[in-house]
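Breakdown of the fold
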Amino acid sequence: MGSLTFLKKYQYAFTLILLCSGTSWAGYPGSVQPADTLALTLEQAVATALKNSYEIEIAKNNVDANTILNNYGVAGGLPTVSLNASNTEQITQVNQKLNTGVEISRNAAAGNNTQANLAVGMLLYNGKRVVATKKRLAELQYQSSEVLNSQIQNTIALVMTSYYDVVRQLSYINTIRTSIIASEKRLEILRVRKEAGMANNADIFQAEIDLNTLNQTLLNQQMVAQVAKTELLRTLTLDPKSAVTIKDTITVDNNMQLASVMDRLAANADIKAADHQITINELIVKETAALRYPTVRFNAAYNFSRNQTAAGLTLLNRVVGPQAGLTLAVPIYNGTAFRRQKQAAEIDTKTAELQKSTLLRDYSANAVKMYQTYQSSIEQLENQKKNYALSKQLLDLTLQRFELIQATIIDVREAQRSFEEAGYRLINLNYAAKSAEIELKRLSNTLQ
């Protein structure tokens, strides 16, 4: 997908962000956000990043610059027209003896020399160096477009990963809060038992310690979530002190196939940019090779010359008229500089080919590793969802049994620990699968 397609895709979100700047956003039906809180969805986050990214703006500027330079005039294939003029005033001492016996002697003789020239030059032949240069300028334009596309893909991937990291950290908070509710319920039961003379202070103190520990864990996790939000705001080039509300879940695409990813690696913008670099270096070889060919130029001019002096044999000389001709320059020997430049350019071409092969190798290996992570996470997700649901049921059941004096404090604490660990594993598996999915789509140039 081209860079313009991405920008059009999120045009609506751009407008929404501009309209909602400085106002409250309602993220969900019935929710009310403070005026300084931004309720952010993934689409809005991506749109904001595409709109604000300095890296994308730099890449767009490079495309614009290379588009301007992609011209036959820059390649040297268009005529050149120049106007030159000069006017010189002078004071000279004249001392002349003519063969007629006349002697002219004059001090401080005034003189004036005026020259004007309208010149036109046109390159007729230089070993097709102009053609190679023009093609190289076009390749530079295409390459910069691929670099822009790569930057857009990288920005979207970074935003999505940062966004889902915030979702992950907030999910941790929900797990901790559920465990806190269980601890509060346990403490409440113990207090009721103490009033009935069926519990001691030690049990209550331990329950309070456990509750305080969970509250401290909650505060620490809230800090981690806030740091993740700040990182997301940095990615979006927004004020890092802005208040952000995100209510979302991690949904993984279960239909990713390694074969389709590997088939589309050639469509990756970085690989295509490397292809263009090889072509650019091949054209540089042709340009340097053309330096050893003759150069033929057509030159035409219209000249005006006026030379006036107060003393001397010629008091006024005025010449006006056109001229035209051909110039031939044949390089014969220049210390083998041209030949060495061509050899160096050929080496650069081989280097560009090796760089592309290296990039393709690394991207292929990365795709395989990411798919292994993705597949492993997907395979574990279903079981982990069941474990999480069972651990929640176990926690509820254990609390009920504890209330009926059929379970101990240790049983409740063990059920809480199992619930927290199951929640963390489920969240991490979801995030790992989503991160791998995002990277696979980035490598195959299919992020949307």
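Reading the values: the criteria
One numbering rule holds for all chains: residues counted from 1, following each sequence as written. Two thresholds apply to this predicted model, a pLDDT of at least 70 for residue-level local features and 80 or more for giving and counting side-chain atom pairs, whereas whole-chain, interface and lining totals are computed over all residues. As a rule here, side-chain values cover all heavy atoms of the structure and leave hydrogens and water aside. UniProt positions are given in the numbering used here, feature names are shortened, and annotations may be inferred rather than shown by experiment. In this description a helix means any DSSP run of H or I spanning at least four residues, a strand means any run of E spanning at least two, and both kinds are numbered starting from the N terminus. Structural elements are reduced to axes, namely lines fitted to C-alpha atoms, with helices fitted over the stretch in contact, and the angle between N-to-C directions of any two is expressed from 0 to 180 degrees. Put simply, angles under 35 degrees are roughly parallel, angles over 145 are roughly antiparallel, angles from 65 to 115 are roughly perpendicular, and the rest are oblique. Residues are treated as being in contact if the distance between any of their heavy atoms lies within 4.5 Å. Under this grouping Gly is polar, as are all residues other than the nonpolar Ala, Val, Leu, Ile, Met, Phe, Trp, Tyr, Cys and Pro and the charged Asp, Glu, Lys and Arg. Stacked, tilted and edge-to-face are the three classes applied to pairs of Phe, Tyr and Trp rings, where Trp contributes its six-membered ring and a pair requires centres within 6.5 Å; stacked means planes under 30 degrees apart, edge-to-face means over 60, and tilted covers the rest. Exposed residues in this analysis have more than 50% of their type's maximum accessible area, buried residues have under 20%, and partly exposed residues fall in between, with area computed by a 1.4 Å probe over protein chains only. Helix crossings get a hand from a simple test, with the near helix turned counterclockwise from the far one by less than a right angle marking a left-handed crossing and a clockwise turn marking a right-handed one. For two strands to pair, DSSP has to find at least two bridges joining them. We call a set of buried Ala, Val, Leu, Ile, Met, Phe, Trp, Tyr and Cys residues a nonpolar core when their side-chain atoms join them within 4.5 Å.

- The protein chain goes by Outer membrane protein TolC in an unreviewed UniProt entry, where it is assigned to Dyadobacter jiangsuensis.
- Taken directly from UniProt, the Subcellular location (unreviewed entry) text for the protein chain runs: "Cell outer membrane".
- The annotation that UniProt attaches to the protein chain under Sequence similarities (unreviewed entry) is "Belongs to the outer membrane factor (OMF) (TC 1.B.17) family."

1. Concerning unusual backbone geometry
- The backbone of Lys128 shows a phi angle near 65°, a positive value even though the residue is not glycine.
- Within the secondary structure layout, Lys128 lies in the loop between β3 (103–125) and α6 (129–195).
- Positive phi, normally seen in glycine, also occurs at Asn445, with a value near 60°.
- Take Asn445: it is sitting in the segment after α11 (409–443).

2. Remarks on the packing of α6 against helix α10 (residues 337–403)
- Running from N to C, α6 and α10 cross one another at 10°; their axes reach a closest spacing of 10 Å. The angle between α6 and α10 falls in the class roughly parallel. The segment α6 lies against α10, with Thr178, Ala182, Lys185, Arg186, Ile189, Leu190 and Arg193 engaging Lys392, Leu395, Leu399, Phe402 and Glu403.
- The class makeup of the residues in the contact of α6 with α10 is six nonpolar, one polar and five charged.

3. Describing the UniProt feature "coiled-coil region" (unreviewed entry) in the protein chain
- In this numbering, the UniProt entry assigns the feature "coiled-coil region" (unreviewed entry) to residues 364–398.
- Note that residues 364–398 is 100% helix and 0% strand, and that its end C-alpha atoms are spaced 49 Å apart.

4. Re the packing of aromatic side chains
- Counted according to the given criterion, the structure contains four aromatic pairs.
- Plain terms: the ring middles of Tyr163 and Tyr164 are 5.5 Å apart, the flat faces sit at 85° to each other, and that makes the pair edge-to-face.
- Centre to centre, the rings of Tyr172 and Tyr424 are 5.2 Å apart; their planes meet at 90°, and the pair counts as edge-to-face. Of this pair, Tyr172 sits in helix α6 while Tyr424 is found in helix α11, placing the two residues 252 residues apart along the sequence.
- Of the residues examined, Tyr424 reaches a relative accessible area of 28% and is grouped as partly exposed.

5. Considerations on the packing of helix α3 (residues 42–52) against α6
- Packing of α3 against α6 brings their axes to within 9 Å, and their N-to-C directions diverge by 140°. It follows from the interaxial angle that α3 and α6 lie oblique. Relative to α6, the crossing made by α3 is right-handed. For the pair formed by α3 and α6, the contact residues are Leu42, Ala45, Val46, Ala49 and Leu50 on the first element and Ile152, Thr155, Ile156, Val159, Met160, Tyr163 and Tyr164 on the second.
- Partitioned by chemical class, the residues of the contact of α3 with α6 number eleven nonpolar, one polar and no charged.

6. With respect to the environment of Phe402
- Tracing the backbone shows Phe402 in helix α10.
- Ignoring any residue separated from it by four or fewer positions in sequence, one finds Phe402 in contact with Arg186, Ile189, Leu190, Arg193, Ala407, Thr408, Ile409 and Val412.

7. Notes on the pairing of strand β5 (residues 295–309)
- Here 14 bridges tie β3 to β5, and the two strands are oriented antiparallel to one another. Each bridged residue has a counterpart across the sheet, and for Asn112 the counterpart in β5 is Gln308.
- Summarising the sheet, β5 and strand β6 (residues 316–329) pair through 14 bridges and their orientation is antiparallel. Looking at the pairing, Gln308 lines up with Leu316 of β6.
- Once β5 ends, the chain turns through six residues before running back antiparallel as β6, passing Gly312 with a positive phi of about 120°.

8. Points about the sheet that holds strand β2 (residues 80–97)
- With respect to topology, four strands assemble into an open sheet ordered β2-β3-β5-β6, the strand pairing being antiparallel. Strand pairing shows two members of the sheet lacking a second neighbour, β2 and β6, which therefore form its edges. Across this sheet, the average inter-strand angle for adjacent strands is 20°, counted without regard to direction.

9. Let's talk about the nonpolar core
- Of all hydrophobic cores here, the largest spans 68 residues; its most connected members are Met160, Tyr163, Tyr164 and Ile246.
- Secondary structure elements with two or more residues in this core: α3, α4 (54–69), α6, α7 (201–235), α10 and α11.
- Not counting residues within four places of it along the chain, the set of residues in contact with Ile246 comprises Leu40, Tyr163, Val166, Val167, Leu170 and Leu232.

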